[in-house]
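Here are the chains, one letter per residue:
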Amino acid sequence: MTADDMLGRLDDDYPAYTMGRAADMLGTTQGFLRAIGEARLITPLRSSGGHRRYSRYQLRIAARARALVDQGTPIEAACRIVILEDQLEEARRINAEYRRAAGSANQAAAA
């Protein structure tokens, strides 16, 4: 099973992965994980000993940023792009909910 296969099936927010394991899964360095943390793309939780722990959700976000960096995008820009993509997706989701609600209200009023 490849790292991409593993990340595609991950969907929980439990901080189960150490920095080393997360870097291995992403095929990147621990420095990359630190850099996207400094850019505030993800904020790893800390173990009682102070070690960074990453959730599956955070690893998916990091993988998106890594793909952009691998294409030549500077890390700060990649982090900003991922943040903006997430904001756009959320806005689209909310807009679709409003449209469904408006459509239901219009149908009820016409009946």
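Quick note: structure is the one above.
Residues numbered from 1 in each chain as written. Predicted model: local features only at pLDDT ≥ 70, side-chain atom pairs only at ≥ 80, totals over all residues. Heavy atoms only, no water.

Engineer: Looking at this model, I keep getting lost on the overall build of the protein. Mind explaining?
Structural biologist: Along the protein, the regular secondary structure elements total five helices and three strands. If you list the helices and strands of the protein from N to C, you get α-β-α-α-β-β-α-α. Against the globule reference of 13 Å for 111 residues, the protein gives a C-alpha radius of gyration of 18 Å, more extended than a compact globule. Viewed in the frame of its principal axes, the protein has a C-alpha envelope of about 60 × 30 × 30 Å. For the protein, buried positions account for 25% of its 111 residues. For the protein, contacts bridging at least 24 residues in sequence account for 56% of all contacts bridging at least 6. Counting every atom, the protein has about 7,300 Å² of accessible surface; 50% of that belongs to carbon and sulfur. (Helix = DSSP H or I, 4+ residues; strand = E, 2+ residues; numbered from the N terminus. Rg over C-alpha atoms; globule rule 2.2 N^0.38 Å. Buried < 20%, exposed > 50% of the residue type's maximum accessible area, 1.4 Å probe, protein only. Contact = heavy atoms within 4.5 Å. Areas by Shrake-Rupley, 256 points an atom, 1.4 Å probe, with all protein chains shown as cover.)

Engineer: Before we go on, may I ask you to explain the side chain of Thr28 in this structure?
Structural biologist: Following the sequence through the fold, Thr28 ends up in the loop between α2 (19-26) and α3 (30-38). Under the relative-accessibility criterion, Thr28 is labelled buried at 19%. In this structure, Thr28 is in contact with Ala23 and Arg66, ignoring residues within four places of it in sequence.

Engineer: What should I look at first to understand α3 in this one?
Structural biologist: Counting along an α-helix, one turn takes 3.6 residues, and residues three or four places apart therefore face a common direction. Along α3, the positions that sit buried rather than exposed are Phe32, Leu33 and Ile36. All buried residues of α3 lie within an arc of 100 degrees about the axis, which places them on one face of the element. Those residues of α3 that are buried lie in contact with α2, β3 (52-54), α4 (56-70) and α5 (75-110). With its phi angle positive at about 65 degrees, Arg40 sits one or two positions after the end of α3. (Arc of directions from axis to C-beta.)

Engineer: Even after reading the chapter, I still don't get the pattern of salt bridges, so can you show me in this structure?
Structural biologist: Evaluation of the coordinates by the stated rule reveals five salt bridges. The residue Arg64 makes a salt bridge to Asp86 at a minimum N-O spacing of 2.9 Å. Separated by 22 residues along the polypeptide, Arg64 in helix α4 and Asp86 in helix α5 bring together distant segments of the chain. On the accessibility criterion, Arg64 (32% relative accessible area) is partly exposed. Because the salt bridges share partners, they merge into one network encompassing Arg64, Glu85 and Asp86. (Salt bridge = Lys/Arg side-chain N within 4 Å of Asp/Glu carboxyl O.)

Engineer: Help me out: how do you make sense of the environment of Ser55 in this one?
Structural biologist: Within the secondary structure, Ser55 sits in the loop between β3 and α4. Beyond its immediate stretch of four places on either side in the chain, Ser55 contacts Asp12, Asp13, Tyr14, Pro15 and Tyr17.

What is shown is where atoms sit, not what they do.
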